Number of protein chains: 2
Amino acid sequence: MSRLPTVHDVALAAGVSRQTVSNVLNAPDIVRPDTRERVREAIERLGYRPHASARRLRTQKSSTIGIRLDPMVDGISGSILDRFLHALTEQADAVGLRILLFTATSPEDEIRQFGRLIDGSDVDAFVLTSTFHGDPRTEWLIEHAQRFVTFGRPWGIDDMNDPRHPWVDVDGRAGVRDATESLLRRGLQRIGFVGWPGGSGTGDERRGGWVDAMQAAGLGEDLDRLQEAGVDTVAAGRDATSRLAARVPDLEAVVAASDSLALGAVVREQAALPVVGFDNTPVSAAMGFSSVDQRLGEVAEGVLALLEGAPDAPRHRLVTPELVIRSSHPPAVPDEP
Amino acid sequence: MSRLPTVHDVALAAGVSRQTVSNVLNAPDIVRPDTRERVREAIERLGYRPHASARRLRTQKSSTIGIRLDPMVDGISGSILDRFLHALTEQADAVGLRILLFTATSPEDEIRQFGRLIDGSDVDAFVLTSTFHGDPRTEWLIEHAQRFVTFGRPWGIDDMNDPRHPWVDVDGRAGVRDATESLLRRGLQRIGFVGWPGGSGTGDERRGGWVDAMQAAGLGEDLDRLQEAGVDTVAAGRDATSRLAARVPDLEAVVAASDSLALGAVVREQAALPVVGFDNTPVSAAMGFSSVDQRLGEVAEGVLALLEGAPDAPRHRLVTPELVIRSSHPPAVPDEP
């Protein structure tokens, strides 16, 4: 035969499955000696060479996805991108793709890393996280015709439905709306929101979900009085909740833009008020408060689907997060007849 | 020249630094046009081909370290291996090594993954985590003459000083001893320990540190009454602390084997007792209790040093963790004259 022999050819010649050929190569001890011998004979006879670097030079595909790993972030929501990385690695492995990690000190440095990785055929696609308005990384990858998907919508680009690159994001607005509606359905009305200072795309979207739900319930009059903001720490969440409670003595619940802020509210209120956080961190589970889960498994699945996507397939996915209700949530009100 | 040209040859020919050559290849926009032209001319004249797969076939080195990434673990200490991964990726990148992630469903499956990665020259070294007594992975890697370091001592092997493979671990016993001594120095005596059920190497070592400190302080009589155990959850920590407090009404402090157990003690005691955890998770920082930090940056540094180590260099490193003292710690007692 003129082309190079494959695992499939070896399997056919030896009368075994491809998995058995792989086992003979990688874990011969688990293969019966006579089968092992037969497979080895076929490998030798066909001249099969299982060498990925050689394969890579032929196909120019490394089956590897590059992703930047940032220094560990402190704070209880710092592990969100790690959770995504776990989900991505697992799902990628299941379809034969591997994840290569690198670091970068700035977007410009990340672009240099892209260059090195492409140059070396080390990866054949990228996943970008923490995208931002005017991100030079996406421009560079588009100009250099690289395959990539962002976890994060193209902030600042008007038409999200005609994006210049595929992206997956979580619909934070829908998540906070669900959380607020869940409290409204249980008969609460004075539901405060503790968010981040204005101007962050993600934070403004989450606040928007609370505004949507309150307005739809006819409670849009009082929204200024019912909201507070702080940076993303437990102490800021505690202080913001204190200000809110001083202004609204009959406050009935708090919805927060993150589990850090929510934990601050929980610590201050000693569980007197229902609090809903965002990110469904292990802390929310440990402390028993409800929280919005980003469904990072869905995000990872979307990223891989878009990386493999045909040119005419949908180019983005907005994942709807899921409210996880815990013990501190008020009991459900039975439906009226 | 008979050998293939290198970046160094290009740099010499163009009269620039190797960094500039790399910039021309990877981020040409940041290089002055005349310099760029000169470097490109040199690249063409010498026939330099910056292709990692080709290089890899020549050198059989991929400069890549393989490490298994497990599904995300719930619980507030679940991020410890992620923290290690961040530190390892950063320090590896600084010396030109990359991290390749894979998954495995069992030790046997991990061994098959080793085989595939070696077979494909995808990696040239492994880092193993979560080692255990009789671990078949280390046996396999030794038999197949692979370069690897474990994060975790070779449990069950008598002579830790003459290990069959290099390893790095954290001295949990020293960490808990420090935590206990810190409370003893502040005048406390009835210091309880909340640990895991006996039989886990890591857990028994941590308990041993508390026993060491209490015995050295002449408080070895009462140790059975002062200890409780539970599985690694906040609820188990709360219940174990309840049992301990019921039996020892004048309990003065709690040292716990993990931040999960410590958080349970903190939640139960509402900050009435000083509590020291283990792992220095973001939760300990958020809730303001002291905790023992594993110094995973040191662990990562040790792993890389041992991977590169000469045959006669030390073959293991036991990293001493560091007690991080927070607001709930009792105030220091001034030294007596």
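It should be noted that the structure appears before, not after, this text.
First, a word on what this report is: a plain description of the structure on this page. Sequence positions are assigned chain by chain, starting from 1 and proceeding in written order. Key to labels: chains lettered from A, ligands numbered from 1, both in the order written. Confidence filtering applies because this is a predicted model: local features only for residues at pLDDT of at least 70, side-chain atom pairs given and counted only at 80 or more, and all residues used for totals across whole chains, interfaces and linings.

### A word on the overall build of chain A
Per the secondary structure count, chain A includes 13 helices and twelve strands. By the convention adopted here, residues are in contact when the distance between their C-beta atoms, placed from the backbone, does not exceed 7 Å. Considering only contacts in chain A between residues 6 or more positions apart, those separated by 24 or more positions represent 64%. Numbered from the N terminus, helices here are DSSP runs of H or I no shorter than four residues, and strands are runs of E no shorter than two.

### Description of helix α5 (residues 80-94) of chain B
Residue and element names in this part refer to chain B. Its 15 residues give α5 an end-to-end C-alpha distance of 22 Å, which sits within 8% of 21 Å, the value for a rise of 1.5 Å per residue. Those residues of α5 that sit buried are L81, D82, R83, F84, L85, H86, A87, L88, T89 and A92. Just downstream of α5, G96 is the residue with a positive phi angle, here 80°. Multiplying 1.5 Å by the residue count of a helix minus one yields the expected span of that helix. In this scheme every C-beta is placed from the backbone, and a residue whose C-beta has 20 or more other C-beta atoms within 10 Å is buried, one with 12 or fewer is exposed, and one in between is partly exposed.

### What to know about the packing of helix α2 (residues 18-26) of chain A against helix α3 (residues 33-46) of chain A
Residues and elements named next belong to chain A. Geometry is summarised by axes, namely lines fitted to C-alpha atoms with helices restricted to the contacting stretch, and by angles between N-to-C directions that run from 0 to 180 degrees. Close contact between α2 and α3 brings their axes to 10 Å; oriented N to C, the two are set at 90°. Here α2 is positioned roughly perpendicular relative to α3, judged by the angle of their axes. Between α2 and α3, the residues in contact are T20, V21 and V24 and T35, R36, V39 and R40, respectively. Each residue gets one of three labels, nonpolar for Ala, Val, Leu, Ile, Met, Phe, Trp, Tyr, Cys and Pro, charged for Asp, Glu, Lys and Arg, and polar for the others, Gly among them. Considering only residue class, the contact of α2 with α3 consists of three nonpolar, two polar and two charged. Orientation categories follow fixed angle ranges, with anything under 35 degrees roughly parallel, anything over 145 roughly antiparallel, 65 to 115 roughly perpendicular, and all other angles oblique.

### Quick look at helix α6 (residues 107-119) of chain B
Helix length check: α6 of chain B, at 13 residues, gives a terminal C-alpha distance of 18 Å against a target of 18 Å (1.5 Å per residue), a fit within 8%. Buried positions along α6 of chain B lie against α2 of chain A together with β1 (64-68), β2 (98-102), β3 (125-129) and α7 (136-143) of chain B. Directly beyond the C-terminal end of α6 of chain B, a positive phi value near 50° is found at S121 of chain B.

### Some remarks on the nonpolar core
Most often, soluble globular proteins keep nonpolar side chains buried together rather than apart. By definition, a nonpolar core groups buried Ala, Val, Leu, Ile, Met, Phe, Trp, Tyr and Cys residues that are joined through C-beta atoms within 7 Å. The biggest cluster of nonpolar side chains holds 71 residues, and the ones touching the most others in it are F84, V127 and V303 of chain A together with V127 and V303 of chain B. Per element, the largest residue contribution to this core is seven residues, and it comes from helix α5 (residues 80-94) of chain A. Apart from residues no more than four positions distant in its own chain, F84 of chain A is found in contact with F151, L296, V299 and A300 of chain A. Core analysis: the second largest hydrophobic core is formed by 68 residues, L183 and V255 of chain A together with I191 and A262 of chain B among them.

### Some remarks on the sheet that holds strand β8 (residues 253-256) of chain A
Residues and elements named next belong to chain A. Any two strands with at least two DSSP bridges between them are considered paired. In space, the six strands of this open sheet follow the order β7-β6-β8-β9-β10-β12, with mixed pairing throughout. Edge positions in the open sheet fall to β7 (227-229) and β12 (322-324), since each of these has one partner strand only. Here the strands of the sheet are splayed against their neighbours by 20° on average, with no regard to which way each runs. The pairing of strand β10 (residues 290-293) with β12 spans three bridges and is classified as antiparallel. Bridged to D293 within β12 is E322. Against the sheet, helix α8 (residues 172-185) touches β6 (191-195), β8, β9 (275-278), β10 and β12, its axis set at about 170° to β8. In the packing of helix α10 (residues 234-247) onto the sheet, the strands contacted are β6, β7 and β8, and the crossing angle to β6 comes to about 145°.

### Focus on the environment of R68 of chain B
In this fold, R68 of chain B is placed in strand β1. When sequence neighbours within four positions are dropped, the list of residues in contact with R68 of chain B reads F102, T103, A104 and E110 of chain B.

### With respect to the packing of helix α1 (residues 7-14) of chain B against helix α3 (residues 33-46) of chain B
A pair of packed helices can be characterised by two numbers: the angle between their axes and the separation between those axes. All names here are of chain B. Remark: α1 packs on α3, axes separated minimally by 9 Å, with the N-to-C direction vectors making an angle of 125°. Classified by the angle their axes make, α1 and α3 are oblique. The crossing of α1 and α3 is right-handed. Only R38, V39, A42, I43, R45 and L46 of α3 make contact with α1, whose side of the interface consists of D9, V10, A13 and A14. Partitioning the contact of α1 with α3 into residue classes produces seven nonpolar, no polar and three charged. For any helix crossing, the convention is left-handed if the near helix is rotated counterclockwise from the far helix by under a right angle, and right-handed if that rotation is clockwise.

### Quick notes on the sheet that holds strand β5 (residues 167-170) of chain A
One open sheet holds the twelve strands; their spatial order is β11(A)-β5(A)-β4(A)-β3(A)-β1(A)-β2(A)-β2(B)-β1(B)-β3(B)-β4(B)-β5(B)-β11(B), and the pairing between them is mixed. Each of the sheet's edge strands pairs with one partner strand only, and the pair in question is β11 (316-319) of chain A together with β11 (316-319) of chain B. If you compare each strand with its neighbour and ignore which way they point, the axes differ by 20° on average. Here strand β4 (residues 148-151) of chain A runs beside β5 of chain A; their pairing, made up of two bridges, is parallel. Bridge assignment links T150 of chain A to a residue of β5 of chain A, and that residue is W167 of chain A. Sheet contacts for α5 of chain A: β1 (64-68), β2 (98-102), β3 (125-129) and β4 of chain A together with β2 of chain B; angle to β2 of chain A, the most-contacted strand, approximately 145°.

No statement about biological role is implied by the geometric values presented.
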